[in-house]
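# Examination of the molecular architecture
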Amino acid sequence: AGAAARVAALGHSLTISLLGQDRPGIVHQLSSVLAGHGVSILELSTATRDAPMAGGVLFEARATVAAPDDLPAQTLTSALEAIGDELMVDIEVQQA
């Protein structure tokens, strides 16, 4: 009931998926954009895995977030895509 109550209080629920080359600062930049838009992280899971074809380590993250009702999903998606381009990671935002 805790997460459901927080979503009800904060607005609508979204799922964010991220995949790209591992590097320091990915979670920091992601959480900074979310906080800047008044979005609360309800759940966050991260993992790394070898990427032999790319010659490095891939970082994966999946977050369930609660966004304010007055925040259009496209506004958040655009902001996340901007950091995705900067970090060279793929980011998807979907209705949860």
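It should be emphasised that the depicted structure is a prediction, and the values quoted were computed from it without experimental measurement. (Residues numbered from 1 in each chain as written. Predicted model: local features only at pLDDT ≥ 70, side-chain atom pairs only at ≥ 80, totals over all residues. Heavy atoms only, no water.)

### Quick look at a nonpolar patch on the surface
Put simply, the test is: Here the term patch refers to residues with relative accessible area over 30% and no salt bridge, with like charges joined within 9 Å and nonpolar side chains (Val, Leu, Ile, Met, Phe, Trp, Tyr) within 5 Å. With residues, only the protein chains shown are counted as cover, and all accessible areas are computed by Shrake-Rupley using a 1.4 Å probe. For this document, the term salt bridge refers to a Lys or Arg side-chain nitrogen within 4 Å of an Asp or Glu carboxyl oxygen. Think of it this way: any DSSP run of H or I at least four residues long counts as a helix, any run of E at least two long counts as a strand, and we number them from the N terminus. Only protein chains enter the accessibility calculation, which uses a 1.4 Å probe; a residue is then buried when its area is under 20% of its type maximum, exposed when over 50%, and partly exposed in between.
A contiguous nonpolar surface patch, about 200 Å² in accessible area, is contributed by V27, I41 and L44. Tracing the backbone shows I41 in strand β2 (residues 40–51). For I41, a relative accessible area of 33% puts it in the partly exposed group.

### Section: the sheet that holds strand β1 (residues 12–21)
In plain terms, the rule: The criterion for strand pairing is that DSSP finds at least two bridges linking the strands in question. Here the axes come from fitting lines to C-alpha atoms, over the contacting stretch only for helices, and the angles between their N-to-C directions go from 0 to 180 degrees.
Ordered by their spatial adjacency, four strands build an open sheet running β2-β3-β1-β4, and the pairing between neighbours is antiparallel. The strands lining the two open edges of the sheet, one partner per strand, are β2 and β4 (89–95). Geometrically, the sheet is characterised by an average inter-axis angle of 15 degrees between neighbouring strands, direction not taken into account. Examined bridge by bridge, β1 and β4 share seven bridges and lie antiparallel to one another.

### Re helix α2 (residues 26–36)
The cut-off we apply is this: This arc is taken over the directions from the axis of the helix to the C-beta atoms. Residue contacts follow a heavy-atom distance rule, with two residues in contact if any of their heavy atoms lie within 4.5 Å.
Along α2, the positions that sit buried rather than exposed are I26, Q29, L30, V33 and L34. Along α2, the residues classed as buried sweep out an arc of 135 degrees about the axis, all on the same side. Across from the buried face of α2, at angles greater than 90 degrees, the exposed residues are H28, A35 and G36. Of the surrounding elements, those touching the buried residues of α2 are β1, β2, β3 (56–67), α3 (73–87) and β4.

### With respect to the pairing of β3
Two elements, β1 and β3, share 10 bridges in a ladder whose sense is antiparallel. Considered in β3, the bridge of I16 is made with A63. Hairpin remark: β2 followed by β3, antiparallel, with four residues in the connecting loop; positive phi at G55, about 75 degrees.

### Overview of the confidence of the model for the protein chain
Stated precisely, the cut-off is as follows: In predicted models, pLDDT denotes the confidence assigned by the predictor to each residue on a 0 to 100 scale.
For the protein chain, per-residue confidence averages 89 on the pLDDT scale, and 90% of positions sit at 70 or higher. Here helix α1 (residues 2–10) stands out as the element of the protein chain with the lowest mean pLDDT, 58, in contrast to α2, whose mean of 96 is the highest.

### Side note on the nonpolar core
Where we set the bar: To form a nonpolar core, buried Ala, Val, Leu, Ile, Met, Phe, Trp, Tyr and Cys residues must be joined to one another through side-chain atoms within 4.5 Å.
Counting residues in hydrophobic clusters, the biggest one holds 20 residues, and the most contacted among them are I16, L34, L76 and L80. It is β3 that contributes the most residues to this core, five residues altogether. Sequence-distant contacts of L34, that is, excluding residues within four places in its chain, are made with I16, V39, I41, V65, L76 and L80.

### Some remarks on the side chain of T15
Relative to the elements of secondary structure, T15 occurs in strand β1. A relative accessible area of 8% places T15 in the buried class. If near-sequence neighbours (up to four positions away) are discounted, T15 is found in contact with R62, A63, T64, E92, V93, Q94 and A96.

### Some details on the pairing of β2
Bridge analysis of β2 against β3 gives 11 bridges, and the strand direction is antiparallel. Looking at the pairing, A47 lines up with E60 of β3.

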